[in-house]
Each structure stands twice: as structure tokens, then as C-alpha cells.
Amino acid sequence: MGKIYIIDVTNRDGVQTAKLGLSKLEKTLINVYLNEMGVFQSEFGFPTTRHEQLYLQANLELAEMGVLKPIHLSGWVRAVVDDVELAFKRIPQLKHMNLSMSTSNQMINGKFRGGKSIDDIIGKMTEAVDAAASCGLETIGVNAEDASRTDLKNLIKFGKAAKEHGAARLRYCDTLGYDNPFTIYDAAKALAENVGLPVELHCHGDLGMAVANSLAGAKGAIDGGQDAYINTTINGIGERAGNADLVAVILAIMKSKDFAGKYCLGQDIDLSISYKIAKFASYAFKVPIPINQPGVGANAFAHASGIHADGVLKDKGTYELYDFTELGRGEPEQVETGREICTGQYSGISGFRHVMGQIIGGIAADGHIDGDMSISFHNDKEAEEILELVRYANVEAQKPLVEEELVFIAKYPDIARKLLTLRPLDGE
Ligand SMILES: [Zn+2]
């Protein structure tokens, strides 16, 4: 029986959201947390975009060093030969990529002004897949943009052609959040049965059903005899009304009625990273976590009314489906109410040494965040060099760095230098 894998797209769909963005260091920390959580793949950025180049290369170096391992790091490009070739020119170390092509009449007519048929679209896509295969990729995923508004026969034809040319997965994009759980179940099942590829579910929340649709689509793919891959973003941040929320999707797979135990994750997920990753993404995006957010919202385990409070005090299972400790919650959080020394873009060595001396916790060689490590510098020169990087990181983030960003810079200064190099690159 097929399994479900999580592909987080925060660093692609999340960052392309209007009015929002992340620094390259924040994107990198998100990859570190996703890896620590056990997420199968992070769609970590745009290989054809020039300002992503050093960030993508630096993260692939972290993968080689074993820090971002075993997570797959995949790039996203349009299914256009020129884009595929440009991506490899810029990032030759890429191993995994998704190629995206619009498939609905609405999109084809709108974007190409009626100048293309579905066969033209399939032809362009297969040329791009061939180009990607010749670059030595390990995994090529093919995305059908606006799949939910695409004629199913055309979608099957598109998927079969992708498979014939060596694609490993077909991404069903409910780009406008148009599906409901019943329609996406049928579509995913039909694709799994007729195309014979694992199906990726990429769902949006325009009608409030992104998580439900992701689960229903996954069930359809598995019932159709294939693995399912669900695209998520942290806190559901994504285009317009957002994507399927990472933590909510995992909780729904693991805890929902008649799903848990039958339709299972294919990777070990450490749910206890949930609270930390949600808090970090909220801070980095500057978007508060809604009070009623599943699992990680401030009210997710709060009870006030008499009957509920009495019930949960006698037996927590009366009004709670799962325990807060499973999500990494329950530790008290300290908020400084007196003197505070922070790092910033104009910090000096004395304040910096003070801040770093107070941090306990570091990143172990395998990328795991270790609470027992501490930061120390071998000499003043090293401390000055790290401080300089911290100043630049503050310039880019325009807000105080969190401890784990400081730890990351101290531990991987050469990687941090690449992440912070954002001058427009000269030539190609
Ligand atoms: Zn999307």
C-alpha cells in the first residue's frame, strides 16, 4: 500500500506570497528545521533567480556536509528548456527539480492567447523533461498548474507523456483552491490508476479546504495504487489564502478518524519540532500565528468554560485529541523585562560577546539543534569576524536575529558569508 510523504514548499510558494518574504538566512534555518522534523523534501527556491544563486549553492553545500541530510532539496522552474538549462548553469549541483506547466484551457488561453493546444503544451513539457534528464537529475517532478480546472483526459495524457520521458512524480496543482475533498479524491485516484506515477497534491485555501483536500487527494492516490506526496507550507503561508499547513496536515494524517493507521506517512516525522518551526516562521514572516491555529495556536489547548475545563481536568482526552507535549509545547518561555543587550547592524564586540555568552544551545555536526552546546570563540579575530557577519545578517533581516541564527552564523561562517552576499552578480 502506498505511503504519504511531505514536501514543504514554504521556501518557494511561501516566499512568493504578496507582501511577505524571508532573508536567505531565514530560508536556510527553515530547511534546517524541516530536516530536523523529518520532512521528506524542501522545495528550497528558484534556481533561475539570480539572488537565489548563492543561497541555493550554500544549502547544497550544507547537504554535502551532512547538515541538511536526509532531506531532499528541490528547485522549482517553469517547464521550459531555456529555464532548465539556465537553472543548471547557475546551480550545477541540483539533484531534484520540479518543472511547472499550465494545463487548463483557462490558463493556456489566458497566458498564450489561444496560440497553443494541449498537445503543444505537452510537447513543450516533454522537451523540458528531456533537457532536465540530460543534466543528470535524480528526480524530476512535473507540475500540472491549474490541474483542478483541467479536463481529466488532458491531464492523464499530460501525465503519461511526463512518465514516458522519465518524470518520477506528477504534481496535481489545485492552484486556485477550487477542489473539494470529493472531487480531488476522484481526480487523484484516476491519475494514479491511469498515469501510473506517484501523485503530488498541491492545494490552496481559497475555499478553506487546503488541508482536507490534501488528505482526500492522498487517499485517492493511494487507493489508485500509488504513493502520495503532500505539498505544505509552515503556518499555511502561501499565495492569497495560503497553502495546506504543515503541522495541520501531519496531525490530520496521524490523528484523524479512519485515516490514522491506514494511510500512513512514509517517513518518521518528529512532531515535537512543530511549535518551534511554527514560531520561527511566524517571526521570520512577521505574521502572527492565529490564536486558533491547529496544534500551535495560543488557544489550541486552552479551556475556559465550566464543562470543558472540568472534563479536561478529570481526563484530558475528554476535550483534547492529542497532547501539547507531542508538538513540543509546554516549556515556559522567558521574556526579558529588564535590561536587554541585543545584536544589530551597528553592534560592537563587547555587547556581541555578552549576547553570545548567554546562548546555550548549538547545532551539532549532523544538523540537530543541541541544547547542551555553547558558543565560544578561539580569539578576538574570530569573534570580530562572526560579529561582522551578524551585522550583515541584521541588515538583511531588519529585525533582531533569533538565537539559532546567531548559533548558525558562528558555526558556519563560510556558509553565512554566502547567504549574506546579495550584491547583484556581474554577468553570468
Ligand atoms: Zn501554489
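Right above here is the structure, for reference.
In this report, we go over the structure that sits alongside the text. Quick caveat: nothing in here was measured; it's all calculated off a predicted structure. (Residues numbered from 1 in each chain as written. Predicted model: local features only at pLDDT ≥ 70, side-chain atom pairs only at ≥ 80, totals over all residues. Heavy atoms only, no water.)

Position of Ile122 among the secondary structure elements: in helix H6 (residues 118-134). Residue classification places Ile122 among the buried residues on the basis of a relative accessible area of 10%. For the pair Ile122 and Ser102, spaced 20 residues apart in sequence, the C-alpha to C-alpha distance is 9.9 Å. The residues touching Ile122, leaving out its near neighbours within four places in the chain, are Lys157, Phe158 and Ala161. (Helix = DSSP H or I, 4+ residues; strand = E, 2+ residues; numbered from the N terminus. Buried < 20%, exposed > 50% of the residue type's maximum accessible area, 1.4 Å probe, protein only. Contact = heavy atoms within 4.5 Å.)

Below, the discussion takes up the side chain of His204. By the element assignment, His204 lies in the loop between strand S7 (199-203) and helix H9 (210-223). Here the side chain of His204 touches Asp13 through a polar contact of 3.4 Å, side chain to side chain. Separated by 3.2 Å, the side chains of His204 and His202 make a polar contact. (Polar contact = N/O pair within 3.5 Å; in protein donor to acceptor, adjacent residues only side chain to side chain.)

Mapped onto the elements, Gly123 comes out in helix H6. Distance from Gly123 to Ala162, taken between C-alpha atoms, is 9.8 Å for residues 39 residues apart in sequence.

Before going further, it helps to spend a moment on the coordination of the zinc ion. Those donors, Asp13 (OD), His202 (NE2) and His204 (NE2), are the protein atoms that reach the zinc ion, and they lie 2.0 to 2.1 Å from it. Every donor residue of the zinc ion comes from the same chain, spaced as D-x188-H-x1-H. Each member of the pair, His202 as well as His204, carries the same accessibility label: buried. (Donors = N, O, S within 2.8 Å, 3.2 Å for Na, K, Ca; no water.)

This paragraph deals with the sheet that holds S7. Taking strand neighbours around the barrel as the criterion, the 8 strands line up as S1-S2-S3-S4-S5-S6-S7-S8 in a closed arrangement whose pairing is parallel. The average angle at which neighbouring strand axes cross in this sheet is 25 degrees, direction not considered. Examined bridge by bridge, S7 and strand S8 (residues 228-232) share 3 bridges and lie parallel to one another. Bridging across to S8, Glu200 finds its partner in Tyr229. In the packing of helix H3 (residues 53-64) onto the sheet, the strands contacted are strand S2 (41-45) and strand S3 (72-78), and the crossing angle to S2 comes to about 150 degrees. Where helix H7 (residues 152-164) meets the sheet, its contacts fall on strand S4 (96-102), strand S5 (139-145) and strand S6 (169-174), and the angle it forms with S5 comes to roughly 165 degrees. (Pairing = 2+ DSSP bridges. Axes fitted to C-alpha atoms, helices over the stretch in contact; angles between N-to-C directions.)

In this model helix H11 (residues 274-285) runs 16 Å from its N-terminal to its C-terminal C-alpha over 12 residues, within 8% of the 16 Å that 1.5 Å per residue would give. Within H11, 9 of the 12 residues are buried, which leaves it mostly tucked inside the rest of the structure. Turning to H11, its buried residues are Ser274, Tyr275, Ile277, Ala278, Phe280, Ala281, Ser282, Ala284 and Phe285. The elements touched by buried residues of H11 are helix H1 (10-14), helix H2 (24-37), helix H10 (246-255) and helix H15 (403-411). Two residues or fewer past H11, Lys286 is found with a positive phi of approximately 60 degrees. (Expected span 1.5 Å × (residues − 1).)

Attention shifts here to the pattern of salt bridges. Going through the model one piece at a time under the given rule, you end up with 24 salt bridges. Among the salt bridges present, the one from Glu193 reaches Lys189, with a minimum N-O distance of 3.2 Å. Residue Glu193 and its partner Lys189 are located together in helix H8 (residues 181-195), separated by 4 residues, close to a single helical turn. Given a relative accessible area of 47%, Glu193 falls into the partly exposed group. (Salt bridge = Lys/Arg side-chain N within 4 Å of Asp/Glu carboxyl O.)

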